[in-house]
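# A closer look at the structure
Now for the letters of each chain:
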Amino acid sequence: MLLLLLALWTLWGACWLRRVELQREKDPVVRALGLSWAREGFGPTVRAVGTVAGRAVEVRWRRGMLRDRTRVRDAGEWRDVTEGADLLGLLGDTE
């Protein structure tokens, strides 16, 4: 039982460290978009929410084992963002 608890604690710690690293990496993007950090779950995922050009926006970054993933919810639908895409330009476009 003790080994199981130790394994779970280690897994949680690894996810927490990856989440902190990801948040520090994406903080300039969040500030540039005028978003604020939101509460996240247990995995290596960070989220930012706010309004851009008068629209409600949520951005989620997830650090995976093989690749990172960025998803944006704008106008109620989720879409994947390719690596290196300009989020400010993507979200700043008005309809």
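Residues numbered from 1 in each chain as written. Predicted model: local features only at pLDDT ≥ 70, side-chain atom pairs only at ≥ 80, totals over all residues. Heavy atoms only, no water.

Another aspect to go through is the packing of aromatic side chains. In this structure the tally under the stated criterion is 3 aromatic pairs. Ring centres 6.1 Å apart and planes at 55° place the aromatic pair Trp37 and Trp61 in the tilted group. In this pair, Trp37 is assigned in strand S1 (residues 36-38) and Trp61 in strand S3 (residues 55-63), connecting sequence segments 24 residues apart. The exposure class assigned to Trp37 is partly exposed, which follows from its relative accessible area of 26%. Put simply, the rings of Trp9, Trp12 and Trp16 touch in pairs and so form one group of aromatic residues. (Phe/Tyr/Trp six-rings, centres within 6.5 Å; stacked < 30°, edge-to-face > 60°. Helix = DSSP H or I, 4+ residues; strand = E, 2+ residues; numbered from the N terminus. Buried < 20%, exposed > 50% of the residue type's maximum accessible area, 1.4 Å probe, protein only.)

So, about the confidence of the model for the protein chain. In this model, the protein chain carries an average pLDDT of 83, and 86% of its residues clear a pLDDT of 70 or more. Averaged pLDDT values for the elements of the protein chain fall to 64 in helix H2 (residues 87-92) and rise to 91 in S1. (pLDDT = per-residue confidence, 0-100.)

Let's shift gears to the pattern of salt bridges. If the charged atoms of two oppositely charged side chains come close together, the side chains can form a pair. According to the stated counting rule, one finds 12 salt bridges in the structure shown. Linking Lys26 and Glu25 is a salt bridge whose minimum nitrogen-to-oxygen distance equals 3.6 Å. Residue Glu25 is classed as partly exposed on the basis of its relative accessible area of 42%. Taking the shortest distance from any N to any O, the salt bridge between Arg69 and Asp80 comes out at 3.4 Å. Taken together, the positions of Arg69 in strand S4 (residues 68-74) and Asp80 in strand S5 (residues 77-81) put the pair 11 residues apart, joining distant regions of the chain. (Salt bridge = Lys/Arg side-chain N within 4 Å of Asp/Glu carboxyl O.)

Further remarks concern the sheet that holds S5. Taken in spatial order, the 5 strands of this open sheet run S1-S2-S3-S4-S5, and their pairing is antiparallel. Edge positions in the sheet fall to S1 and S5, since each has one partner strand and no second. Taken over all neighbouring pairs, the strand axes of this sheet differ in orientation by 25° on average, direction set aside. Here 5 bridges tie S4 to S5, and the two strands are oriented antiparallel to one another. Of the residues in S5, the one forming a bridge with Asp74 is Glu77. Of the strands in this sheet, S1, strand S2 (45-52) and S3 touch helix H1 (residues 2-33), which is tilted by about 150° from S3. (Pairing = 2+ DSSP bridges. Axes fitted to C-alpha atoms, helices over the stretch in contact; angles between N-to-C directions. Contact = heavy atoms within 4.5 Å.)

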